[in-house]
Amino acid sequence: PNTALIVGISAVLLLLIAGTTTFLYLNQRKNEAQSSLSLAISTFATAENEQDPEKILKNYSLVKDYAQKALNLDKSLSQAKEFVSKADSLLNAWRNVVDALKLVKEGKFDEAMENLDRVRPILGDRLIFNQIYAPLANRLSAIQNVEIAKALIQKGDYKRALLLIESALEGDPENEQLLALK
């Protein structure tokens, strides 16, 4: 009879230990998921306030990684799903901005503007985006105005050419080609 009692108590203890271990493991995973989600949230806020497109890109990449880790640990975290989706969309948008900046350095203004126009619906309300977009739009407008002004000068329509040049200089006051034509 003592052996059966000892075996019974041992089985109960083993079940308690297994249950406690499972509970602790699952609880640790939930805590780790919440921690990763918290990192995603704070990194998202950092990305939203950043002024350097390269750093913005890095931060959204981290947001996506943290949120994905949280989701892998706890599939029920709907907020993590939202952050993966948001970060992915913003990551792609800011990649276009970074690529556009590289194209500007290469003198490929039209291609750069195409990249920026593609993401303007997503990023158009952000100050840093507009600080990149507006000068490029002004530069492209100035390039077009230079060509139009040259054509007007060739036709002898100096008055209209001068009006166009002065108007274009308001948007791009340091444009050397416009200044030379004036």
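The structure under discussion appears in the preceding block.
Read on for a plain summary of the structure. Small disclaimer: the values here were computed from a predicted structure and weren't measured. Within each chain, residue numbers correspond to sequence positions counted from 1 in written order. Only residues with pLDDT of 70 or above have their local features reported here, since the model is predicted, and side-chain atom pairs are shown and tallied only from 80 upward, although totals for entire chains, interfaces and linings are computed over all residues. Only hydrogens and water are set aside when side-chain values are computed; all heavy atoms of the structure are taken into account.

Re the nonpolar core
(1) Moving on: With 38 residues, the main nonpolar core has Y60, W94, V97, L116, L123 and F129 as its most contacted residues.
(2) Moving on: Helix numbering and strand numbering both begin at the N terminus, where a helix is a DSSP run of H or I of at least 4 residues and a strand a DSSP run of E of at least 2. Breaking this core down by element, the ones donating at least two residues are helix 1 (2–49), helix 2 (53–73), helix 3 (78–105), helix 4 (109–123) and helix 5 (127–154).
(3) Moving on: For this core, the leading source of residues is helix 3, giving 12 residues.
(4) Moving on: Note on definitions: a residue-residue contact is assigned when non-hydrogen atoms from the two residues lie within 4.5 Å. Among all residues touching L116, those that are not within four sequence positions of it are V97, A100, F129, I132, Y133 and L136.
(5) Moving on: Core analysis: the second largest hydrophobic core is formed by 10 residues, A149, A161, I165 and A168 among them. The definition of a nonpolar core used throughout is a set of buried Ala, Val, Leu, Ile, Met, Phe, Trp, Tyr and Cys residues joined through side-chain atoms within 4.5 Å. Buried, partly exposed and exposed residues are distinguished by accessible area as a fraction of the type maximum, computed with a 1.4 Å probe on protein chains only: under 20%, between the cut-offs, and over 50%, respectively.

Some thoughts on the side chain of N59
(1) Moving on: Structurally, N59 can be placed in helix 2.
(2) Moving on: Look past the residues within four positions of N59 in its chain and what remains in contact with it is T43, T46, A47 and E50.

Describing the environment of A87
(1) Moving on: Summarising the element assignment, A87 is placed in helix 3.
(2) Moving on: Accessibility expressed as a relative area gives 0% for A87, which makes it buried.
(3) Moving on: Taking the C-alpha atoms as reference points, A87 and L136, separated by 49 residues in sequence, lie 26 Å from one another.

Brief notes about the pattern of salt bridges
(1) Moving on: Here, a salt bridge means any side-chain nitrogen of Lys or Arg that lies within 4 Å of a carboxyl oxygen of Asp or Glu. In the structure shown here, the tally under the stated rule is seven salt bridges.
(2) Moving on: Between R126 and E48 there is a salt bridge, and its shortest N-O distance comes to 2.8 Å. Here R126, found in the loop between helix 4 and helix 5, pairs with E48, found in helix 1; they are 78 residues apart in sequence, far enough to count as distant.
(3) Moving on: Here D157 makes a salt bridge to R160, at a shortest N to O gap of 3.4 Å.

So, the packing of helix 5 against helix 6 (residues 158–171)
(1) Moving on: Axis definition: a line fitted to C-alpha atoms, limited for helices to the stretch in contact. Angles are taken between N-to-C directions and run from 0 to 180 degrees. The contact between helix 5 and helix 6 brings their axes to 9 Å, and the two run at 170 degrees. Judged by the angle between their axes, helix 5 and helix 6 are roughly antiparallel. Touching N138, N145, I148, A149, L152 and I153 of helix 5 are Y158, R160, A161, L164, I165, A168 and G171, all from helix 6. Oblique is the label for any angle not under 35 degrees, not over 145, and not in the 65 to 115 range, which are roughly parallel, roughly antiparallel and roughly perpendicular in turn.

Remarks on the packing of aromatic side chains
(1) Moving on: We call Phe, Tyr and Trp rings a pair once their centres come within 6.5 Å, taking the six-membered ring for Trp, and we label the pair stacked below 30 degrees between planes, edge-to-face above 60, and tilted otherwise. All told, the structure shown has three aromatic pairs when counted by the stated rule.
(2) Moving on: Through successive ring pairs, a cluster of aromatic residues spans F44, Y60 and F83.
(3) Moving on: To sit over a ring, a charge needs its Lys NZ or Arg CZ within 6 Å of the ring centre and within 35 degrees of the ring normal. Over the ring of F83 we find K86, and its NZ or CZ is 5.0 Å from the ring centre.

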